[in-house]
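Tertiary structure, described
Residue strings, one per chain:
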Number of protein chains: 2
Amino acid sequence: MVEIIAPRTGTAFRLAKGQRLTVIDPEGEQVSDMVAFAQSDPREAISSGRSLDYASKLFLTTGDPIYSNCSNVMLRIVEDDVGRHDFLLTPCSKDTFRIIYGDEDPHRGCFGNLAEALAPFGIQADQIPVAFNIFMNVQIDGETGAFTVEAPKSRAGDKIVVEAQMDLIVGLTACSALQSNNYAFKPIHYSIDGEASSG
Amino acid sequence: MVEIIAPRTGTAFRLAKGQRLTVIDPEGEQVSDMVAFAQSDPREAISSGRSLDYASKLFLTTGDPIYSNCSNVMLRIVEDDVGRHDFLLTPCSKDTFRIIYGDEDPHRGCFGNLAEALAPFGIQADQIPVAFNIFMNVQIDGETGAFTVEAPKSRAGDKIVVEAQMDLIVGLTACSALQSNNYAFKPIHYSIDGEASSG
């Protein structure tokens, strides 16, 4: 069953070890920020710093693991139609819109959406790590380190599939930042498939 | 007064708002991992994701702020002899040495050194964020995202100076990873200067 995340909103849910999460961009050029926490202890969360270090690359894709801050594999990417996602930047937030866009009455962004969705699981806002920003297209000048946020490479119907390697709480959004989504806010679709594996 | 961090060790200390921390590479080609937490609430810590996002670049240098996970400026870089530091990767750890180097009896690394040094301040290991890795030279292929850890560009006596923008607990190491330090473990020197400013 496909669930719908409305534009500029977010959700959270449990994903058992062995289950697969499919994240679909139904209209194209829409980012979805994903975070994940261990059900057994939400102080364990996905870690960009460990995942990128162990992979020796910035752009993760099919076959790559996403590690936690305890160096356990939390998720593995098992299918990827797009091959370009970001794992450098935090979810957009009131502060993003204030600092980067100069908004005076900023939207709460993915950060606010994730904070609300994760609160019932006992996860506090300040525990939200750098997200795995699905379909987010950050173009980097390797020489200077300067980067720009470009339109996602995802087209209508493109998807990524990740498989839980432990019992997780997952936060997922339809991203709220203009630049990240080629200046149009669209929904994100997702589905959860498979049975929980034992252990 | 210059303090000495012995090779493959770390320390932690308070740095009051307005004080300046000078980190010196006395022999050259030696990395120092730095983390910082708010004294008022150590759940507030430096955030690579926010700092890089707001700067729109990967390599921070003189004039650049280091933001917290609450989007407050924690530190500002006020002098920088080298201009090449890393803010992507976690401190090296037992897991780094196990996963990347294949060590069977791995050193605890900067992560273990920081965890021990920060424990008396009530900071737990799983709160240690992506560090600002002073003098660490990560070369990035912007096209593919592949990166390599190269010898630091710092030469004997080179330094960086950061100024605290709030009352902080700082963790600082002489990095323990072979690759990061051109295969030789050296000390790091540091000094704290200036009076705490009011407020």
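Note that the structure is a prediction, hence the values are computed from the model and not measured. Within every chain, residues take consecutive numbers counted from 1 along the sequence as written. Throughout, the order in which chains and ligands are written sets their labels, letters from A for the former and numbers from 1 for the latter. With the structure being a predicted model, the display of local features is reserved for residues of pLDDT at least 70 and the display and counting of side-chain atom pairs for 80 or more, all residues being used for whole-chain, interface and lining totals. Working from all heavy atoms in the structure, the side-chain values ignore hydrogens and water.

Below, the discussion takes up the pairing of strand S12 (residues 188–193) of chain B. All names here are of chain B. With 3 bridges connecting them, strand S1 (residues 3–5) and S12 associate as antiparallel partners. Paired with Ile-5 across the two strands is Ile-188, which belongs to S12. Relative to S12, strand S3 (residues 20–25) is paired through 5 bridges, and the arrangement is antiparallel. Residue pairing for S12: Leu-21 is matched across the bridge by Ile-192. Should DSSP find at least two bridges between two strands, the strands are taken to pair. Only DSSP runs of H or I with at least four residues qualify as helices, and only runs of E with at least two residues qualify as strands; both kinds are numbered from the N terminus onward.

Attention now goes to the interface of chain B and chain A. On the side of chain A, 37 residues touch chain B, which itself brings 37 residues to the contact. Roughly 3,100 Å² of surface becomes buried between chain B and chain A when both sides are summed, with 55% attributable to carbon and sulfur atoms. Under the rule applied, a polar contact is a pair of N or O atoms within 3.5 Å (in protein, one hydrogen donor and one hydrogen acceptor; residues adjacent in sequence only if both atoms are side-chain atoms). For the pair chain B and chain A, the interface holds 15 residue pairs in polar contact (both at pLDDT 80 or more). Those elements giving two or more residues to the side of chain B that touches chain A turn out to be helix H1 (48–55) and helix H2 (94–101) of chain B. Among the elements that take part in the side of chain B that touches chain A, H1(B) stands out by supplying 6 residues, more than any other. Grouping the constituent residues of the side of chain B that touches chain A by class yields 15 nonpolar, 13 polar and 9 charged. Every residue pair with non-hydrogen atoms within 4.5 Å of one another is taken to be in contact. Buried area is calculated as the accessible area (1.4 Å probe) missing from two parts once they are joined, with the contributions of both summed. Throughout this entry, Asp, Glu, Lys and Arg are counted as charged residues, while Ala, Val, Leu, Ile, Met, Phe, Trp, Tyr, Cys and Pro are counted as nonpolar. The remaining residues, Gly among them, count as polar.

UniProt positions are given in the numbering used here, feature names are shortened, and annotations may be inferred rather than shown by experiment. UniProt tags residues 3–169 of chain A as "domain: DUF1989" (unreviewed entry). Taken as a whole, residues 3–169 of chain A contains 16% helix and 32% strand, while its terminal C-alpha atoms sit 16 Å from one another.

For our purposes a nonpolar core is just a set of buried Ala, Val, Leu, Ile, Met, Phe, Trp, Tyr and Cys residues, chained together by side-chain atoms within 4.5 Å. When a residue's accessible area, from a 1.4 Å probe over protein chains only, is under 20% of the maximum for its type it is buried; when over 50% it is exposed; and in between it is partly exposed. With 92 residues, the main nonpolar core has A:Met34, A:Leu75, A:Phe132, B:Met34, B:Leu75 and B:Phe132 as its most contacted residues. Not counting residues up to four positions away in its chain, the partners in contact with B:Met34 are B:Leu21, B:Ile46, B:Ile66, B:Leu75, B:Ala131, B:Phe132, B:Ile134, B:Val162, B:Val170, B:Gly171 and B:Leu172.

Before going further, it helps to spend a moment on the relation of the copies chain B and chain A. Both copies of the chain are related through a single rotation about an axis accompanied by a shift along the same axis. We superpose the copies by least squares over the C-alpha atoms of residues that have a pLDDT of at least 70 in both of them. Between chain B and chain A, the superposition needs a rotation of 180 degrees and an axial shift of 0.0 Å, giving an RMSD of 0.0 Å. Classification of the inter-copy transformation places it as that of a two-fold axis. No C-alpha of chain B approaches the rotation axis more nearly than that of B:Gly142, which lies at 2.2 Å. A share of 100% of interface residues in chain B that are also interface residues in chain A marks the association as one of identical surfaces.

What follows covers the packing of aromatic side chains. Residues and elements named next belong to chain A. Pairing of aromatic side chains requires ring centres within 6.5 Å, counting the rings of Phe and Tyr and the six-membered ring of Trp. Pairs whose planes differ by under 30 degrees are stacked, by over 60 edge-to-face, and all others tilted. Under the definition given, this model contains 8 aromatic pairs over all chains. An angle of 85 degrees between the planes, with centres 4.8 Å apart, marks the rings of Tyr-54 and Tyr-67 as edge-to-face. One end of the pair, Tyr-54, is in helix H1 (residues 48–55); the other, Tyr-67, is in strand S5 (residues 65–67), with 13 residues separating them in the sequence. We classify Tyr-54 as buried; its relative accessible area is 13%.

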